[in-house]
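Geometric and topological summary
The lines below spell out each chain.
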Amino acid sequence: MNVPTTFHACVADDAISKVSRLFNATLDDIFAELFQNARRAGATQVSVSQIDYPDLGPVICLIDNGPGLSDPRDLFTLGQSAWDHDVQSDEDAAGMGFFSLAGRRVRIIAQKQDTSQSWRIDAEPDSFGGTHPITCTSGPANHDGTTILIATKPNENYIAAANHAARYLPLEVMVDNVIIERKDFLATAEHIEEWNGIRIGIYARGPTGFRNNETVNFHGVTLHGRLPSLSQEFHQSYFARLDVMHCADLKLVLPARKEIVENDFMDALRAHITKIFYELIKAAGPHSLSFENFKCASELGVDLPPAAMRLRAFEPSHADSDMNSHGNVEPITEDDVIFASEGGAIEEQNLASALSNQRAPTKLYDPQSGFEGYDWYDQLARASVKGYRVIGDTDTVCVEPGKRHTLTERPDQLEVHCSVTDGAHTEDWVLKTDWLILGEDDWGLDDVDIAVTKSSKATMPDLVDFLEHALFNPSDDSEAGSYDQQQQWFRDEAEDLAINLLETSLEVQINAITRVIDRELYWLRRSDEVIIVRIGKGRIDVEGLVMPAAE
């Protein structure tokens, strides 16, 4: 085979046979494309209805009041566009939209431009792929605009599809003689400005996140465009939407036009949007931008002060992460301390309990990695748990976090040992506490050791709550029981353990019996009678029950 040294790209002859896959063949795509065609042609109104046509059966009827057609072949020539220069420049019209009808039987009755005559054009489902001829004959006289009759498919909702396609279209659309209310795509924006033929809408949101698939309105066609957003840790964050008016540089991926072409213009647009974010944040006052975003603002020409000295108060995590809560965001000073340990629920619950026992409780704050780089944040002291000390009558044992230590009796004293460093200096904190859990996270009551001091004034409910927070992590296995069941089983076991630690094994047995009667036989607790249950020698005897009076 002789290959020439130069040649040109081209389209294969059988490419037209694949046009049915250029669009998804839904009414959403069809209406979006046909409404665009009517608008570009100069129509000011489009009407949509469903009728039974004599020789076609049920069809969707779309009528516009535009000028009609100059050459019907333009509709069926893939990639050929007859739009004027302004439309070609602003919208990059590609001459493919009519092929959204591929796979359907279609009839077009169109006015011959600038005449009182019309064409009738009939296309079969395979006509769009070039395997079946398209017929073009004379249509009725004095037919204005263009009428398109589209064969329906089962279970199609043309009303919903037409309403969706017309929401932000700069053209009046009627569905079954009802005018669809048109909306401003940026109606709820907090700030709008125009840039290079695009209206940019800026929206505020809280720091919890936002998701919205429709971020760009391209003359009525809505799509998801990859646009910047900007989050702050504790202050208002921002995202953007675009309403394209007359912009030749923003181009859509053909043929479906559901993505934006990535080019230098999009890079410049994203940078401009980001700069708007920073300008709005500057105007708002104090901020909580990450240090990286703080530097980015400066690079874009927006000078901001450092982030406000605010952090979230430390709240210990729970074994069941769904129960975790966030502390309040509070102003801090250079003397405050961050809790920077990587321990889990046991370590954090132990520490929180010890902190609460101090006469002047020390306030800790959660770390905020995004603030690393700010001088005020980097200079704050960091605290971490280094270990525990169990002090008994005759010995003292140091236990590392995550390690077990079996106790034969209640200790005289328990301590949490922490290290506090600001980079230049390190000091030790010793926090006395009434109780500790010794062992690894993600294990149950049988897999850890629990220490309670002899002098502790802790009550059984207090200790049960503490154990639940540090250790209860329900299984999502369907055979493990419901959440409520698993929680009740855990608390029952913790209750028995707490009583055994705080009181005696006899009290544990009494509590277990009381719990069964209280839950299962609570209906027997009547103020006017005393019931005695004797358990012994293989028998259960009940006395005091009164037979209800006969009705």
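With that settled, the discussion passes to the overall build of the protein. Regarding its fold elements, the protein presents 10 helices and 26 strands. Here the contacts in the protein between residues at least 6 apart in sequence split such that 62% fall between residues at least 24 apart. Taken as a whole, the protein presents about 30400 Å² of accessible surface, with 49% of it coming from carbon and sulfur.

Moving on: the packing of aromatic side chains. Scanning all chains against the criterion turns up 22 aromatic pairs. Here the aromatic rings of Phe371 and Tyr374 are separated by 5.9 Å at their centres, their planes lie at 70 degrees, and the arrangement is edge-to-face. In terms of burial, Phe371 and Tyr374 fall into one category: buried. Taking the centre distance of 6.1 Å and the plane angle of 80 degrees together, the rings of Phe371 and Tyr377 count as edge-to-face. In this pair, the class of Phe371 matches that of Tyr377, namely buried.

Attention now goes to the side chain of Ser118. Of note, Ser118 is situated in strand E4 (residues 118-123). Judged by relative accessible area, which is 2%, Ser118 ranks as buried. Among the polar contacts listed, one links the side chain of Ser118 to the backbone oxygen of Pro140, at a separation of 2.6 Å. The residues touching Ser118, leaving out its near neighbours within four places in the chain, are Ile109, Ala110, Gln111, Lys112, Thr137, Ser138, Gly139, Pro140 and His143.

Now for helix H6 (residues 345-356). Helical periodicity: at 3.6 residues per turn, an α-helix aligns residues three or four positions apart in one direction. Along its 12 residues, H6 runs 16 Å from first to last C-alpha, staying within 8% of the 16 Å computed at 1.5 Å per residue. The buried fraction of H6 is high, at 11 of 12 residues. Every buried residue belonging to H6 is among Ala345, Ile346, Glu347, Glu348, Gln349, Asn350, Leu351, Ala352, Ser353, Ala354 and Leu355, and all of these are buried.

The next thing to look at is the environment of Ala451. Tracing the backbone through its elements, the reader meets Ala451 in strand E24 (residues 449-452). Residues Ala451 and Leu414 lie 37 residues apart in sequence; the distance between their C-alpha atoms is 8.0 Å. Ala451 has contacts with Leu407, Pro411, Leu414, Asp434, Trp435 and Leu436, leaving out every residue within four places of it along the chain.

The full count for this structure, using the stated rule, is 21 salt bridges. The partner of Glu292 in a salt bridge is Lys295, with the nearest N and O atoms 3.5 Å apart. Here the residue Glu292 and the residue Lys295 both occupy positions in helix H5 (residues 291-299), the gap between them amounting to 3 residues, near one helical turn. We note a salt bridge from Arg491 to Asp465, for which the minimum N-O separation is 3.1 Å.

We now examine the packing of helix H8 (residues 460-471) against helix H9 (residues 483-502). The interhelical angle for the contact between H8 and H9, taken along N-to-C directions, is 130 degrees, at an axis separation of 9 Å. With respect to their mutual orientation, H8 and H9 come out oblique. Our pair here, H8 against H9, has a crossing hand that is right-handed. Residue-level contacts link Met460, Leu463, Val464, Asp465, Leu467, Glu468 and Leu471 of H8 to Gln487, Phe490, Arg491, Ala494, Glu495, Leu497, Ala498, Ile499, Leu501 and Leu502 of H9. Looking at side-chain class alone, the contact of H8 with H9 contains 12 nonpolar, 1 polar and 4 charged residues.

Once that is clear, we can look at the side chain of Ser341. Residue placement: Ser341 occurs in the loop between strand E17 (337-339) and H6. At 2.3 Å, the side chain of Ser341 and the side chain of Glu347 are in polar contact. Ser341 has contacts with Glu347, Ala383, Ser384 and Val385, leaving out every residue within four places of it along the chain.

Moving on, we come to the pairing of strand E21 (residues 413-421). Counting buried positions over the 9 residues of E21 gives 7, a clear majority of the element. For strand E19 (residues 381-391) and E21, the ladder comprises 9 bridges, and the chain directions are antiparallel. Across the sheet, residue Ser384 finds its bridge partner in E21, namely Ser419. Pairing geometry for E21 and strand E22 (residues 426-433), over 8 bridges, is antiparallel. Paired with Cys418 across the bridge in E22 is Trp429. Joining the antiparallel neighbours E21 and E22 is a turn of 4 residues, in which Gly423 adopts a positive phi near 100 degrees.

On the basis of which strands lie adjacent, the open sheet formed by 8 strands has the order E5-E4-E3-E6-E2-E1-E7-E8 and mixed pairing. Both outer strands of the open sheet, strand E5 (135-138) and strand E8 (178-179), are each paired with one neighbouring strand and no more. One ladder, built from 8 bridges, connects strand E1 (residues 45-53) with strand E2 (residues 57-64); its direction is antiparallel. Paired with Gln50 across the two strands is Ile60, which belongs to E2. Sheet contacts for helix H1 (residues 27-41): E1, E2, strand E6 (146-151) and strand E7 (172-175); angle to E2, the most-contacted strand, approximately 30 degrees. Against the sheet, helix H3 (residues 158-166) contacts E1, E2 and E7, and its axis sits at roughly 170 degrees relative to E7.

This next bit is on the confidence of the model for the protein. Averaged over all residues, the pLDDT of the protein is 87; the fraction at 70 or higher stands at 86%. Here residues 207-211 scores under 50 on pLDDT; set against residues more than four positions off or in separate chains, the count is 6 contacts.

Interhelical geometry of H1 versus H3 gives an angle of 45 degrees and a closest axis separation of 9 Å. Taken as axis vectors, H1 and H3 run oblique relative to one another. Pair H1 / H3 crosses with right-handed handedness. The segment H1 lies against H3, with Leu27, Asp28, Phe31, Ala32 and Phe35 engaging Tyr158, Ala161, Ala162, His164, Ala165 and Ala166. Class assignment of the residues belonging to the contact of H1 with H3 gives a composition of 9 nonpolar, 1 polar and 1 charged.

Calculation rules
- All residue numbers refer to positions counted from 1 along the written sequence of the respective chain.
- At least 70 in pLDDT is required for a residue's local features to be given in this predicted model, at least 80 for side-chain atom pairs to be given and counted, and no such filter applies to totals for whole chains, interfaces and linings, which use all residues.
- The basis for the side-chain values is all heavy atoms of the structure; hydrogens and waters are excluded.
- In DSSP terms, a helix is any run of H or I states spanning at least four residues, a strand is any run of E spanning at least two, and both are numbered starting from the N terminus.
- Contacts are residue-level and defined by heavy atoms, with any inter-residue pair within 4.5 Å sufficient.
- What sets the accessible areas is the Shrake-Rupley method with a 1.4 Å probe; for residues, cover comes only from the shown protein chains.
- To pair, rings of Phe, Tyr and Trp, with the six-membered ring standing in for Trp, must have centres within 6.5 Å; the planes then decide the type, stacked if under 30 degrees apart, edge-to-face if over 60, and tilted in the middle.
- Here the term buried applies to any residue with accessible area under 20% of the maximum for its type, exposed to any over 50%, and partly exposed to those in between, with areas from a 1.4 Å probe on protein chains only.
- Identification of polar contacts relies on pairs of N or O atoms within 3.5 Å, with a donor-acceptor requirement for protein atoms, meaning one able to donate a hydrogen and the other able to accept it, and with residues adjacent in sequence counted only if both atoms are side-chain atoms.
- Expected span of a helix, by definition, is 1.5 Å for each gap between consecutive residues, and there is one gap fewer than residues.
- Here, a salt bridge means any Lys or Arg side-chain nitrogen found within 4 Å of an Asp or Glu carboxyl oxygen.
- Axis definition: a line fitted to C-alpha atoms, limited for helices to the stretch in contact. Angles are taken between N-to-C directions and run from 0 to 180 degrees.
- Oblique is the label for any angle not under 35 degrees, not over 145, and not in the 65 to 115 range, which are roughly parallel, roughly antiparallel and roughly perpendicular in turn.
- Helix crossings get a hand from a simple test, with the near helix turned counterclockwise from the far one by less than a right angle marking a left-handed crossing and a clockwise turn marking a right-handed one.
- Three categories are distinguished: nonpolar for Ala, Val, Leu, Ile, Met, Phe, Trp, Tyr, Cys and Pro, charged for Asp, Glu, Lys and Arg, and polar for the others, with Gly belonging to the last.
- For two strands to be treated as a pair, DSSP must find no fewer than two bridges joining them.
- The predictor attaches a confidence to each residue, and that confidence, scored 0 to 100, is pLDDT.

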